[in-house]
Amino acid sequence: MTTSRFIAVIKIRDINPYILVTASRANAVKPGWRKPLPILLRINGKPANAWRINLMPVGDGTFYLYLHGDIRKASGTAVGDRVRVEIAFDSSYRNGPQHPMPRWFKQALAGNPQATKNWTALIPSRKKEVLRYFSRLNSPDARARNLTKALHVLSGKTGRFMTRAWTNGS
């Protein structure tokens, strides 16, 4: 795995702190990549276990490396700081849902063919969003309440679920 090390200044775009990664540096990490690029990141050698983050394409071969608050806090940096950047391609990255489908949701889908059909037809990012949301539900009441809403909208009925208006199962 090729690691690229360089010095950069943290800039700000609208409200988003970032570092611009040149096309040649991005190409050294993963040649020919033009979509969001999964990387492992350290700023000023922090943290010990590198952050998993995506470089976002600009469109001309360069990439934005957005630095959220946790990254800046861990590295003790702020907008305007000159920092040491270390990036490497994250070969263990797997797109798609990162959270397993809860057994209670899988069983409910199995009993509802229309909801299963609409779940299968959902775009991967929406499935990922729903499974992430479900993974954070702790109480049985919250699971039951959200399962009812999910099955309602996935069955093709109009409704709201996860702060979104759903129609025809999506």
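The rules behind each value
- Counting restarts for each chain, with residues numbered from 1 along the sequence as it is written.
- Where totals are concerned, whole chains, interfaces and linings use all residues; where local detail is concerned, this predicted model gives features only for residues with pLDDT of at least 70, and gives and counts side-chain atom pairs only at 80 or more.
- Side-chain numbers here rest on the full set of heavy atoms in the structure, without hydrogens or water.
- Per the convention used, a helix needs a DSSP run of H or I reaching at least four residues, while a strand needs a run of E reaching at least two, with both numbered from the N terminus.
- In this scheme, a residue with accessible area under 20% of its type's maximum is buried, one over 50% is exposed, and one in between is partly exposed, where area comes from a 1.4 Å probe on protein chains only.
- Every residue pair with non-hydrogen atoms within 4.5 Å of one another is taken to be in contact.
- In these tables, accessible area is a Shrake-Rupley quantity obtained with a 1.4 Å probe, and a residue counts as shielded only by the protein chains included in the view.
- We count a salt bridge whenever a side-chain nitrogen from Lys or Arg sits within 4 Å of a carboxyl oxygen from Asp or Glu.
- Residues grouped as a nonpolar core are buried Ala, Val, Leu, Ile, Met, Phe, Trp, Tyr and Cys residues, joined through side-chain atoms within 4.5 Å.
- In this analysis an axis means a line fitted to C-alpha atoms, helices contributing only their contacting stretch, and an angle means the value between N-to-C directions, from 0 to 180 degrees.
- Crossing handedness is defined as follows: a turn of the near helix away from the far one that is anticlockwise and smaller than a right angle gives a left-handed crossing, while the clockwise case is right-handed.
- Residues are grouped as follows: nonpolar covers Ala, Val, Leu, Ile, Met, Phe, Trp, Tyr, Cys and Pro; charged covers Asp, Glu, Lys and Arg; every other residue, Gly included, is treated as polar.

Undergrad: I tried to follow the overall build of the protein on my own but got confused; where do I start?
TA: Scanning the protein from N- to C-terminus turns up 6 helices and 9 strands. Along the first, second and third principal axes, the C-alpha set of the protein runs to 55 × 35 × 30 Å. Residue burial in the protein is summarised as follows: out of 170 residues, 37% are buried. Of all intrachain contacts in the protein linking residues separated by at least 6 positions in sequence, the fraction that spans at least 24 positions is 64%. Accessible surface computed for the protein: about 10200 Å², of which carbon and sulfur atoms make up 50%.

Undergrad: What should I look at first to understand the pattern of salt bridges in this one?
TA: Any two side chains of opposite charge can pair, so long as their charged atoms come close to each other. Scanning the model with the defined rule gives 5 salt bridges in all. As a salt-bridge pair, Arg126 and Glu129 come within 3.5 Å of each other at their nearest N and O atoms. Note that Arg126 and Glu129 are positioned in helix α5 (residues 124-135) at a spacing of 3 residues, about one turn of the helix. For Glu129, a relative accessible area of 24% corresponds to the partly exposed category. Among the ionic pairs, Arg164 bridges to Glu129, the shortest N-O distance being 3.0 Å. Note that Arg164 is positioned in strand β9 (residues 164-166) and Glu129 in helix α5, a separation of 35 residues in sequence.

Undergrad: I would appreciate a short explanation of the nonpolar core in the present structure.
TA: One broad rule of soluble globular proteins: the nonpolar side chains tend to lie buried together. Counting 22 residues, the largest nonpolar core has Ile19, Ile39, Leu41, Leu65, Val85 and Ile87 as its most contacted members. At the level of secondary structure, the elements contributing two or more residues to this core comprise β1 (3-9), β3 (16-21), α1 (23-29), β4 (37-43), β5 (46-57), β6 (63-66) and β7 (82-89). Apart from residues no more than four positions distant in its own chain, Ile87 is found in contact with Thr2, Thr3, Ser4, Phe6, Val21, Val29, Ile39, Leu40, Leu41, Leu55 and Leu65. Formed by 19 residues, the second largest nonpolar core is a distinct cluster that contains Phe105, Ala115, Phe134 and Leu151.

Undergrad: Would you mind showing me how to read the packing of helix α3 (residues 103-110) against helix α6 (residues 140-154) here?
TA: Geometry of a packed helix pair, given as the angle between the helix axes and the separation of the axes. Two elements in contact, α3 and α6, have axes separated by 11 Å at closest approach and are oriented at 35 degrees. Here α3 and α6 pass one another in a crossing that is right-handed. On the side of α3, the interface is formed by Trp104, Phe105, Ala108 and Leu109, while α6 contributes Arg143, Leu147, Ala150, Leu151 and Leu154. Here the residues of the contact of α3 with α6 sort into 8 nonpolar, no polar and 1 charged.

Undergrad: Is there a simple way to think about unusual backbone geometry in this case?
TA: As a rule of thumb, non-glycine residues mostly have phi less than zero, and peptide bonds are mostly trans rather than cis. Cis geometry marks the peptide bond from Lys46 to Pro47, where omega comes out at -10 degrees. The backbone of Thr163 sits at a positive phi, close to 60 degrees, despite the residue not being glycine. Positionally, Thr163 belongs in the loop between β8 (159-161) and β9. Phi at Asn168 takes a positive value of approximately 55 degrees, unusual for a residue other than glycine.

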